[in-house]
Amino acid sequence: MTRCAFIIDRALPPGLIANTAAALSMTLGKLRPELVGCDLQDADGVGHPGITSIVMPILVSDADGLRDLRRTAAEREAEGLGVIGMTDVAQRAKSYDDYSRRLAATRQEELRYLGLCLHGPAALVRSLTGSLPLLK
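Calculation criteria
- Residues numbered from 1 in each chain as written.
- Predicted model: local features only at pLDDT ≥ 70, side-chain atom pairs only at ≥ 80, totals over all residues.
- Heavy atoms only, no water.
- Helix = DSSP H or I, 4+ residues; strand = E, 2+ residues; numbered from the N terminus.
- Expected span 1.5 Å × (residues − 1).
- Buried < 20%, exposed > 50% of the residue type's maximum accessible area, 1.4 Å probe, protein only.
- Arc of directions from axis to C-beta.
- Contact = heavy atoms within 4.5 Å.
- Salt bridge = Lys/Arg side-chain N within 4 Å of Asp/Glu carboxyl O.
- Core = buried A, V, L, I, M, F, W, Y, C linked by side-chain atoms within 4.5 Å.
- Pairing = 2+ DSSP bridges.
- Axes fitted to C-alpha atoms, helices over the stretch in contact; angles between N-to-C directions.
- Polar contact = N/O pair within 3.5 Å; in protein donor to acceptor, adjacent residues only side chain to side chain.

Student: For helix 1 (residues 14–31), give the residues involved together with the corresponding values.
Tutor: Here helix 1 contains 18 residues, and its C-alpha end-to-end distance of 26 Å stays within 8% of the 26 Å for a straight helix at 1.5 Å per residue. For helix 1, every residue scored as buried is listed here: Ile 17, Thr 20, Ala 21, Leu 24 and Leu 28. For helix 1, the angular spread of the buried residues around the axis is 95°, confining them to a single face. Opposite the buried face of helix 1, by more than 90 degrees, sit the exposed residues Gly 15, Met 26 and Lys 30. Summarising the contacts, the buried residues of helix 1 are in contact with strand 1 (2–9), strand 4 (58–61), strand 5 (82–87) and strand 6 (113–121).

See below:
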């Protein structure tokens, strides 16, 4: 069974929390299109594009916790864990080309993660995120 969890820096303002979750979701949809259900119709015959077919909790951590979780999660990728990160470099970039240049010039230890999306085997995702609180 596949599980997904978003972990966002609790210190971010609400707009950046929403933006981070949205950006991570788009990448998840690109990497895992099977997690999006088929298009549907309501009782009036109006079409509704497919949405996620799995629960996607939004959890919170702090900047240090996100950095540590990113490091730990990267070590588990060989076990089928997917890791998507949204960094301060991405958030500050004015275009994708700008992001590409900035990221190429930034060392891993200099990145500040605003959010992560972990996806893969349910037990593995839970083992890494089970102690984190929900965003409220």
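Student: Can you break down the pattern of salt bridges residue by residue, with the values?
Tutor: Applying the stated rule across the entire model yields eight salt bridges. For the salt bridge of Arg 67 with Asp 64, the shortest nitrogen-to-oxygen distance reads 3.0 Å. Placement of both Arg 67 and Asp 64 in helix 2 (residues 63–74) is noted, with a separation of three residues, approximately one turn of the helix. Accessibility expressed as a relative area gives 30% for Arg 67, which makes it partly exposed. Since its relative accessible area comes to 49%, Asp 64 is described here as partly exposed. As a salt-bridge pair, Asp 98 and Arg 102 come within 3.1 Å of each other at their nearest N and O atoms. Taken together, the residues span about one helical turn, with Asp 98 and Arg 102 both in helix 4 (residues 96–104) at a distance of four residues. Note on Arg 102: relative accessible area 31%, which makes it partly exposed.

Student: With reference to specific residues and values, describe the nonpolar core.
Tutor: Counting residues in hydrophobic clusters, the biggest one holds 18 residues, and the most contacted among them are Ile 7, Leu 69, Ala 73, Leu 81, Leu 116, Leu 118 and Leu 128. Counting only elements with at least two residues in this core, the list comes to strand 1, helix 2, strand 6 and helix 5 (122–129). For Ile 7, the residues in contact, after removing those within four places along its chain, are Leu 59, Val 60, Ser 61, Leu 66, Leu 69, Leu 114, Gly 115, Leu 116, Leu 118, Thr 129 and Leu 132.

Student: An account of the sheet that holds strand 4 is needed here, citing residue identities and associated values.
Tutor: An order of 4-1-6-5 is seen for the four strands of this open sheet, with the pairing classed as mixed. Where the open sheet ends on each side, the last strands, each with one partner, are strand 4 and strand 5. Ignoring strand direction, the axes of neighbouring strands in this sheet form an average angle of 20°. Note: strand 1 against strand 6, seven bridges, orientation antiparallel.

Student: Could you give me a rundown of the environment of Pro 121, with the residues and numbers involved?
Tutor: Along the polypeptide, Pro 121 turns up in strand 6. Residue contacts for Pro 121: discarding those within four places in its chain leaves Met 1, Glu 79, Gly 80 and Leu 81.

Student: Give me the lowdown on the environment of Asp 62, citing residues and values where you can.
Tutor: Tracing the backbone through its elements, the reader meets Asp 62 in the loop between strand 4 and helix 2. Between the alpha carbons of Asp 62 and Met 86 there is a distance of 14 Å; along the sequence they are 24 residues apart. When neighbours within four sequence positions are excluded, Asp 62 is seen to be in contact with Asp 9 and Arg 10. Only 2.7 Å separates the side chain of Asp 62 from the backbone nitrogen of Gly 65, close enough to count as a polar contact.

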